[in-house]
Each structure stands twice: as structure tokens, then as C-alpha cells.
Amino acid sequence: MGGQIKRFVYAVVVVHLIWTLCALALDRPLLPTPWAVYAYFPTITWTVLWQNLIASLLRLSVSLSCASLLGIISGIALVRFKRLGQLCDPLLYFLYPLPKIAFLPVLMLLFGLGDGSKIIMITLITVFQITIGVRDAVRQIPAELYQTLDVLAASRVDLFKAVTWPASLAGFLSALKIALGTALATLFFTEIYGTQVGLGYFIMDEWNRLDYRGMFVGIVVLSGLAYLLFSLIELAEGYFLRWQRA
């Protein structure tokens, strides 16, 4: 724990030092200093910040929950059902690199400008990352391990609980950390359109008002949310690894 705190403090100091040097070198209102941004926080009511933060967090939570459920199920199925894997793997490799954010206008036409299209968009982008992470983790399980348990007359449920599920969970947590960054970037982009609440909307609204300190307040809050969620995933991953060793 002490090492993690030291790394956190070190990263915060370095980031703020770079931010300060860039702000002083540019010396323009569009890049305020860190202390100017933090001093500006009290001018923005907590009701406004919480309203935007909760809206973004709800969209992100629902999207990643859907992507996680679909990704875990499909990732395991692609390996354990070989025929399904043979049919779907080519589609997966074809669809994964496509710029799915380009379909946002289509989703907005089909599902409206509200939360539905935003959640579907984030889910659509992140589910591929989670599926591939889980699939690759399950695929790396040695076949001999299943054969040994078969000799011991283990049932399919026992095989899943003892072998497949732990491997898929490890792959899922690793993939989720990557998917989180993608989800946050997509969230910001989707909140620019068709909404009046959310951190993405708040940041762009402050930018349109030329209120650069307010804009950076939104950026700081979004960055804090990202770090908190990433830390929670890493914490869960650490507990899982310790459970595996026990």
C-alpha cells in the first residue's frame, strides 16, 4: 500500500509540474495554472458538478456492465465451443478494428439522442476488447489440465469453476483496464451530442463559453473519475491474484 501511495504522489507531482511549466510558458488564459483551476472550484456549485458526474458515471457503469457480461460469455464460448469459435473468430477480427464511433449518427437515428444511443455506443466499442481478452486467457489454459480433471471424473460444472472461470476472470480484469480508457474517451465524445448533462457536455459547454478555468475543472473531475475506477479494477485484480495463490 505504501508503495502505491508513493507512486501516486510522484505521478501527481510530475503531472502538476509539467502542467505548471506549460501554463507559465504559454502564459495565455486558455491554459490556466493548476492553482488557478483549483481556486475556481468553489465558483461552480457542487450540485452542477455532481449532476454531471453522476450522469457520466451511470452511463459508463451500465455500458461497461453490459460489455463485461457479453464479453465474458462470448469469450468463453468462442473457446469452449470450437464450432462457434471457427464461425465467429473471422467476424471478430474483421469487426474489431472498424471505427465503430462512426456509427454514432446511425445509433442516434435509431435509438434517439438520449442515454440509449450513448450506452449502446460505448458497449459496442468495449465489448470487443473484453471478448478478445477473455478468449485469449481461456485459450491459454493447457489442454492437459482439462484431461487430468476428466480422469478424476470432474463434471462440466467443476471444470468451469476450477479452471475456466479463474482464467476468464484474469483475462477479463486485464482487458477491463484497457476497455476503461476506451470507454471514457467514447463517453466524452458521445456526451457532446444530444445531451445537457454529463462531464463531456460540461467541458465543451465551458469551452464554448470561453471559461477555460471551468473547462479544466471538468477535465480534472473526469481525470479523477478515471483514476478512481482504474484503481478499483487494479485492486480487484490484486485480490484475485492473491486468492489464486492461496
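Reading guide: rules and limits
- Residues numbered from 1 in each chain as written.
- Predicted model: local features only at pLDDT ≥ 70, side-chain atom pairs only at ≥ 80, totals over all residues.
- Heavy atoms only, no water.
- Helix = DSSP H or I, 4+ residues; strand = E, 2+ residues; numbered from the N terminus.
- Contact = heavy atoms within 4.5 Å.
- Patch = residues over 30% accessible without salt bridge, like charges linked within 9 Å, V, L, I, M, F, W, Y side chains within 5 Å.
- Areas by Shrake-Rupley, 256 points an atom, 1.4 Å probe, with all protein chains shown as cover.
- Salt bridge = Lys/Arg side-chain N within 4 Å of Asp/Glu carboxyl O.
- Buried < 20%, exposed > 50% of the residue type's maximum accessible area, 1.4 Å probe, protein only.
- Polar contact = N/O pair within 3.5 Å; in protein donor to acceptor, adjacent residues only side chain to side chain.
- Axes fitted to C-alpha atoms, helices over the stretch in contact; angles between N-to-C directions.
- Parallel < 35°, antiparallel > 145°, perpendicular 65-115°, else oblique.
- Left-handed = near helix turned anticlockwise from the far one by under 90°.
- Phe/Tyr/Trp six-rings, centres within 6.5 Å; stacked < 30°, edge-to-face > 60°.
- Lys NZ or Arg CZ within 6 Å of the ring centre and 35° of its normal.

Trainee: Sorry if this is basic, but what is going on with the environment of Ala 67 here?
Mentor: Counting through the fold element by element, Ala 67 comes out in helix H3 (residues 46-80). Between the C-alpha atoms of Ala 67 and Ala 102, which are 35 residues apart in sequence, the distance is 19 Å. Apart from the residues lying within four places of it in its own chain, the contact partners of Ala 67 are Thr 123, Thr 126, Val 127 and Ile 130.

Trainee: For this particular structure, what's the right way to read a nonpolar patch on the surface?
Mentor: On the surface, Ile 5, Phe 8, Val 9, Val 12, Val 13 and Tyr 227 cluster together into a nonpolar patch covering about 520 Å² of accessible area. It is helix H1 (residues 2-26) that contributes the most residues to the nonpolar patch, 5 residues altogether. Along the chain, Phe 8 falls in helix H1. A residue is classified by how much of its surface remains accessible, and Phe 8, at 38% relative accessible area, is partly exposed.

Trainee: Is there a simple way to explain the side chain of Asp 89 in this structure?
Mentor: Within the secondary structure layout, Asp 89 lies in helix H4 (residues 82-95). Take Asp 89: its relative accessible area is 14%, and that puts it in the buried class. A distance of 3.0 Å separates polar atoms of two side chains, one belonging to Asp 89 and the other to Arg 139. Those residues in contact with Asp 89 that sit more than four places away from it in its chain are Leu 78, Arg 135 and Arg 139.

Trainee: Teacher, can you tell me more about the packing of helix H5 (residues 104-111) against helix H6 (residues 115-139) here?
Mentor: The description of two packed helices rests on the angle between their axes and on the distance between the axes. Axis separation between H5 and H6 bottoms out at 8 Å; the angle between their running directions is 140 degrees. The angle between H5 and H6 places the two elements in the oblique class. Helix-helix and strand crossings are classified by hand; for H5 and H6 the assignment is right-handed. For the pair H5 and H6, the contacting residues are Leu 104, Leu 107, Met 108 and Phe 111 in the first and Ser 117, Ile 120 and Met 121 in the second.

Trainee: Explanation requested: helix H9 (residues 199-208) in the structure shown.
Mentor: Because the α-helix completes a turn every 3.6 residues, residues three or four places apart line up on one side. Turning to H9, its buried residues are Leu 199, Gly 200, Phe 202, Ile 203, Asp 205 and Glu 206. Leu 210 sits one or two residues past H9 and shows a positive phi near 60 degrees.

Trainee: Sorry if this is basic, but what is going on with the pattern of salt bridges here?
Mentor: Pairs can form between side chains of opposite charge whenever their charged atoms are close. Under the defined criterion, the tally for this structure stands at 8 salt bridges. Ionic pairing is found between Arg 139 and Asp 89, a salt bridge with its closest N-O pair at 3.0 Å. Remark: Asp 89 occurs in helix H4 and Arg 139 occurs in helix H6; sequence separation between them is 50 residues. Judged by relative accessible area, Arg 139 falls into the partly exposed class, the value being 42%. Across the pair Glu 237 and Lys 177 runs a salt bridge, and its minimum N-O distance is 2.8 Å.

Trainee: Quick question: what am I supposed to make of the packing of aromatic side chains here?
Mentor: Working definition: an aromatic ring pair is given by the centre-to-centre distance plus the angle between the planes. Evaluated as defined, the whole model comprises 6 aromatic pairs. On the basis of an interplanar angle of 20 degrees and a centroid distance of 6.1 Å, the ring pair of Tyr 38 and Phe 41 is categorised as stacked. For Tyr 38, a relative accessible area of 37% translates into the label partly exposed. Here the guanidinium or amino end of Lys 100 rests over the ring plane of Phe 128, the centre of that ring lying 4.7 Å away.

Trainee: Would you explain the side chain of Ser 63 in this entry?
Mentor: With respect to the helices and strands, the residue Ser 63 is situated in helix H3. Within polar-contact distance, the side chain of Ser 63 engages the backbone oxygen of Arg 59 at 2.6 Å. Of note is the side chain of Ser 63, whose polar atom sits 3.4 Å from the backbone oxygen of Ile 119. If we ignore the near neighbours within four places in the chain, the residues touching Ser 63 are Lys 118, Ile 119, Ile 122 and Thr 123.

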